[in-house]
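One letter stands for each residue in the lines below.
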Amino acid sequence: ERLPALLAAMPKAELHIHIEGSLEPELIFALARRNGVALPYAGVEDLRRAYAFTNLQSFLDIYYAGASVLLQSQDFYDMAWAYLERAAADQVRRAEIFFDPQTHTARGVAMETVIDGLSRACRDAKRIGVDAELILCFLRHLSEEEAFDTLEQALPFRDRFIGVGLDSSEVGHPPEKFARVFAKCRQQGLHLVAHAGEEGPPAYVWAALDVLKVERIDHGVQSAQDPALMKRLAQDRIPLTVCPLSNLKLCVFPDLAQHNIRQLLDAGLCATINSDDPAYFGGYMNANFLQTFAATGLDAQHAYRLARNSFEGSFAEASAKKRYV
Ligand code: ADE
Ligand code: ZN
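Here the structure is a predicted model, which is why all the values come from computation and not from measurement.

**Some remarks on the sheet that holds strand β4 (residues 163-167)**
- The sheet built from eight strands is open, its strands ordered β1-β2-β3-β4-β5-β6-β7-β8 with parallel pairing. What marks the edges here is a single partner per strand, and that holds for β1 (12-18) and β8 (271-273). With strand direction ignored, the average angle separating the axes of adjacent strands in the sheet is 25 degrees.
- In this structure, strand β5 (residues 191-196) lies alongside strand β6 (residues 216-219), joined through four bridges in parallel fashion. In the sheet register, V193 faces β6, and the bridge partner there is R216.
- Taken strand by strand, helix α5 (residues 73-89) contacts β1, β2 (92-99) and β3 (131-139), and its axis lies near 150 degrees from that of β2.

Here it is as structure tokens:
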């Protein structure tokens, strides 16, 4: 009884949330109607029934279909605002939000439309006590050239995002594919993160660190297979943005009780808990904390450590980090 209350009330940072993954079925259908977009699902219930995933790719196919209803700046605003209100309710003080511009520019939506809607919502979130920033993600199943084009389209809006990431289908698309793009982003002074070790091997985590030179690893749970990598992550305090309900729904672990978050924390890693794609995986931040603690027996000391890790791992300025807690 006391631990759930602590988990719900404690201030926290969310470092791994794909804004397109916060699009609830109700909002998908509302936007489809508003924009005259036809969907291959009869309604909200029919769509929710399709949320039975077997691996990352089975999720991504439905996730990209859902995002097809986003056309106007206001659509991006409404999606982000709905997430930010949920985050505020879960005592999220800082949110570093991924967006996938290529999912939208490929449909003819302008980069400016995407960034304008999202950044207005982030600005307005200060009013509800959330400090929100954007991280642009490159889709790793697309080419290096397409990533360079995307960066070029985004650079006029350089002041409206703080970093870049790498997401989508992991296996078969190792970090090395984007070495030159990330080098250019680094020259721009952007923060660097990448999904690695979600389904892919420890070698992808090593490459994200040593080739892309990322500051955080998104997921990274497969690192536990490699003791030398665990040592590196602990010594360099590389944050891992772990997403337990995502890992459960995408069958990375057979059940939450077998999740390795406790092993990561007890090995001294800067592990954090995050929601990834909450509309698809059945829970926002506090649901991830509550269900993970209930299943794995983490205690109050782990809770404080996770909260501290989330602020340590964030890209907020040191002065802001003190205000959050
Ligand atoms: N895009 C949205 N969610 C993702 C995940 N969990 N892994 C890779 N790409 C994603
Ligand atoms: Zn993710």
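**As for the site of ligand 1**
- Around ligand 1, the surrounding shell consists of H18, G21, L56, Y63, D167, S168, H195, E198, S246, D276 and D277.
- In terms of residue class, the shell around ligand 1 is built from two nonpolar, five polar and four charged.

**A closer look at the UniProt feature "binding site: substrate" (unreviewed entry) in the protein chain**
- Under the local residue numbering, the UniProt record ascribes the feature "binding site: substrate" (unreviewed entry) to D277.
- The topology assignment puts D277 in the loop between β8 and α14 (278-281).
- Ignoring sequence-local partners within four residues, the contact set of D277 consists of H18, G21, Y63 and S246.

**Points about the packing of helix α1 (residues 2-9) against helix α15 (residues 285-296)**
- Two elements in contact, α1 and α15, have axes whose closest approach is 9 Å; the angle formed by their N-to-C orientations is 150 degrees. Put simply, α1 runs roughly antiparallel to α15. Note that α1 runs across α15; the crossing there is right-handed. In this structure, α1 uses L3, P4, L7 and A8 to contact α15, whose residues at the interface are N286, F289, L290 and F293.
- When its residues are assigned to classes, the contact of α1 with α15 shows seven nonpolar, one polar and no charged.

**Section: the nonpolar core**
- In terms of nonpolar packing, the biggest core is built from 92 residues, with L118 and A208 touching the most fellow members.
- Counting residues per element, this core draws most heavily on β3, which supplies seven residues.
- Once you skip the residues sitting within four places of it in the chain, A208 turns out to touch P175, A194, A196, V214 and I217.

**Things to note about the confidence of the model for the protein chain**
- On average, residues of the protein chain score 98 in pLDDT, and 100% of them are at 70 or above.
- For this predicted complex, the interface score ipTM comes out at 0.98, alongside a pTM of 0.98.

Each value, and the rule that gives it
- Residues numbered from 1 in each chain as written.
- Chains lettered and ligands numbered in written order.
- Predicted model: local features only at pLDDT ≥ 70, side-chain atom pairs only at ≥ 80, totals over all residues.
- Pairing = 2+ DSSP bridges.
- Helix = DSSP H or I, 4+ residues; strand = E, 2+ residues; numbered from the N terminus.
- Axes fitted to C-alpha atoms, helices over the stretch in contact; angles between N-to-C directions.
- Contact = placed C-beta atoms within 7 Å.
- Near = placed C-beta within 6 Å.
- Nonpolar A, V, L, I, M, F, W, Y, C, P; charged D, E, K, R; others polar.
- UniProt positions renumbered as here; feature names shortened; annotations may be inferred.
- Parallel < 35°, antiparallel > 145°, perpendicular 65-115°, else oblique.
- Left-handed = near helix turned anticlockwise from the far one by under 90°.
- Core = buried A, V, L, I, M, F, W, Y, C linked by C-beta atoms within 7 Å.
- Buried ≥ 20, exposed ≤ 12 C-beta atoms within 10 Å, placed from the backbone.
- pLDDT = per-residue confidence, 0-100.

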